[in-house]
Amino acid sequence: MEEAVQYLRSARRVVLLTGAGISKESGLDTFRDSEGDGIWSRYNPMELATPQAFNKDPELVWKWYNWRREKAFKAMPNAGHEVLAEWENQYPEFLLVTQNVDGLHQRAGSRKIVCLHGNLLEVRCLETDRVLNRLDSFKTVPPFCHCGSMLRPHIVWFGEALYPGTMETAINAVKNADILVVVGTSLAVYPAASMVPYAINEEIPVIEINPEKSDFSNHTIFLKGESGTILPNLQKALSD
Ligand code: OAD
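Quick caveat: nothing in here was measured; it's all calculated off a predicted structure.

Caption draft 1: A look at the packing of helix H1 (residues 2-10) against helix H10 (residues 227-239). For the pair H1 and H10, the least separation of the axes is 10 Å and the interaxial angle reads 60°. Looking at the two axes, H1 sits oblique to H10. Crossing geometry of H1 relative to H10 is assigned as right-handed. Here H1 contributes Ala-4, Val-5, Leu-8 and Arg-9 to the contact with H10, which in turn contributes Leu-234, Ala-237 and Leu-238. Partitioned by chemical class, the residues of the contact of H1 with H10 number six nonpolar, no polar and one charged.

Written as structure tokens, this is what we have:
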């Protein structure tokens, strides 16, 4: 903890990478869980989160996304999200890169944010690729655009490339960072996870906050525990 506070105290350029774990204390499930009850142990991603699955059964895919949208809309940001929104104003250069699609960082006030995997609030027209904000849950699925074409979730599915420029922005920010802070991610999914070995190779210090170690934890300042507790503790130590 002390080492992490020292780095954070002297840093001017801070980059965050967050994953599903930061929203766990808001009541949203992670994907991979040591206890075996993560989302991907209950649902098959190949049937729900690929372009092929959507082509085969858009109604099934949309029912699942509608359910996830409702859960995310009902959830509230927790103390961890709130600290990261404060850091944005505290540090002269700051970027929050998230793999999360739940919108909780934005609802906590984060604005300097790159959503690598999309956003549950947004939908995309299959015909025009136009991205629309839809806050309501759909009464009938699949939903349609006013142009008559079907809408899809604006989410990066398995087998799809990330949105243009997002990963480049993330890596460029790491390249120029004094510190990378990684919160609540198993670092199992690439290219998002590549930010961590990139930082380690460039000898940029990495703080990792997670109840469980990742493949990279031997090379990070590992803070074991829940982000809803550790981030406020860090923030308190920084202001003392
Ligand atoms: P994972 O579900 O793979 O990992 C969640 C991590 O959060 C694990 O390492 C947990 O130990 C940790 N964790 C659990 N509770 C926590 C808490 N209270 N505080 C902090 N950490 C906690 O989620 P991601 O790494 O985000 O992609 O998964 C990456 C991508 O895989 C997701 O964006 C999603 C999924 O397939 C898409 O949907 C495209």
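Caption draft 2: Spatial organisation of H10. An ideal rise of 1.5 Å per residue puts 18 Å on 13 residues; H10 measures up with 18 Å between its terminal C-alpha atoms. In this structure, the buried residues of H10 make contact with H1, helix H6 (79-90), strand S7 (179-183), strand S8 (206-210) and strand S9 (221-224).

Caption draft 3: The pairing of strand S4 (residues 118-125), seen in detail. S4 sits mainly inside the fold: six of its eight residues count as buried. Pairing between S4 and strand S6 (residues 151-155): four bridges, direction antiparallel. Of the residues in S6, the one forming a bridge with Arg-124 is Arg-152. As judged from the three bridges shared by S4 and strand S5 (residues 131-133), these two strands associate in the antiparallel manner. In the sheet register, Arg-124 faces S5, and the bridge partner there is Val-131. The loop that links S4 with its antiparallel partner S5 comprises five residues; one of these, Asp-129, has a positive phi angle of about 65°.

Caption draft 4: Representation of the site of the ligand. Not every one of the 22 residues close to the ligand is listed here, only the nearest: Phe-31, Arg-32, Thr-185, Ser-186 and Asn-210. In this structure, Arg-32 approaches the ligand through a side-chain N or O atom, which is 2.6 Å from an oxygen atom. Bound to the protein, the ligand loses 93% of the 790 Å² it would expose on its own. Considering only residue class, the shell around the ligand consists of seven nonpolar, 10 polar and five charged.

Caption draft 5: Representation of the packing of aromatic side chains within the structure. Going through the model one piece at a time under the given rule, you end up with 10 aromatic pairs. With a centroid separation of 5.3 Å and 35° between ring planes, the pair formed by Phe-31 and Trp-40 is classed as tilted. Using a relative accessible area of 23% as the deciding quantity, one classes Phe-31 as partly exposed. Ring centres 5.1 Å apart and planes at 80° place the aromatic pair Trp-62 and Phe-138 in the edge-to-face group. Here Trp-62 is found in helix H5 (residues 58-74), whereas its partner Phe-138 is found in the loop between S5 and S6, with 76 residues between them in sequence. Given a relative accessible area of 8%, Phe-138 falls into the buried group. A connected cluster of aromatic rings, assembled from ring pairs, spans Phe-31, Trp-40, Tyr-43, Phe-54, Trp-64, Tyr-65, Trp-67, Trp-157 and Phe-158.

Caption draft 6: Layout of the sheet that holds S6. The strand order S5-S4-S6 describes an open sheet built from three strands, whose pairing is antiparallel. Unpaired on one side and paired on the other, S5 and S6 mark the two borders of the sheet. Each strand axis lies, on average, 45° off the axis of its neighbour in the sheet, ignoring direction.

Caption draft 7: Just the pattern of salt bridges, in detail. Taken as a whole, this structure holds six salt bridges when the rule is applied. Between Asp-29 and Arg-42 there is a salt bridge, with the nearest N and O atoms lying 2.6 Å from each other. Taken together, the residues span a long stretch of sequence, with Asp-29 in the loop between strand S1 (13-18) and helix H2 (39-42) and Arg-42 in helix H2 at a distance of 13 residues. In this structure, the salt-bridge partner of Glu-59 is Lys-63, at a minimum N-O distance of 3.3 Å. Residue Glu-59 and its partner Lys-63 are located together in helix H5, separated by four residues, close to a single helical turn. Residue Glu-59 is classed as partly exposed on the basis of its relative accessible area of 38%.

So, how was this worked out
- Note on numbering: residues in each chain are counted from 1, in written sequence order.
- Only residues with pLDDT of at least 70 are given local features in this predicted model, and only at 80 or more are side-chain atom pairs given and counted; all residues enter the totals for whole chains, interfaces and linings.
- The basis for every side-chain value is the complete set of heavy atoms in the structure, and neither hydrogens nor water enter the calculation.
- The convention used is that axes are lines fitted to C-alpha atoms, helices contributing only their stretch in contact, and that angles between N-to-C directions extend from 0 to 180 degrees.
- Here a helix means four or more residues in a row that DSSP labels H or I, a strand means two or more in a row labelled E, and each is numbered from the N terminus.
- Small angles under 35 degrees read as roughly parallel and large ones over 145 as roughly antiparallel, with 65 to 115 read as roughly perpendicular and the rest as oblique.
- Two helices that cross are described as forming a left-handed crossing if the nearer one is turned anticlockwise from the farther one by less than a right angle, and a right-handed crossing if clockwise.
- Any pair of residues with heavy atoms lying within 4.5 Å of one another is described as a contacting pair.
- Residues are grouped as follows: Ala, Val, Leu, Ile, Met, Phe, Trp, Tyr, Cys and Pro are nonpolar; Asp, Glu, Lys and Arg are charged; every other residue, Gly included, is polar.
- To estimate how far a helix should reach, multiply one less than its number of residues by 1.5 Å.
- For every residue, the accessible area obtained with a 1.4 Å probe (protein chains only) is divided by the maximum for its type, and the residue is called buried under 20%, exposed over 50%, and partly exposed between those limits.
- Note on pairing: two strands pair once DSSP finds at least 2 bridges between them.
- Nearness here has a simple test: a residue counts as near a molecule or strand if at least one of its heavy atoms is within 4 Å of that partner.
- We define a polar contact as two N or O atoms separated by no more than 3.5 Å, with the added condition that, inside protein, one atom must be a possible hydrogen donor and the other a possible acceptor, whereas residues neighbouring each other in sequence contribute only through side-chain atom pairs.
- Using a 1.4 Å probe, the Shrake-Rupley method yields the accessible areas, and only the shown protein chains count as cover for residues.
- The rule is short: rings of Phe, Tyr and Trp, with Trp giving its six-membered ring, pair when the centres are within 6.5 Å, and they are stacked under 30 degrees, edge-to-face over 60, tilted in between.
- For this document, the term salt bridge refers to a Lys or Arg side-chain nitrogen within 4 Å of an Asp or Glu carboxyl oxygen.

Remember, this is a structural readout, not a statement about activity or role.
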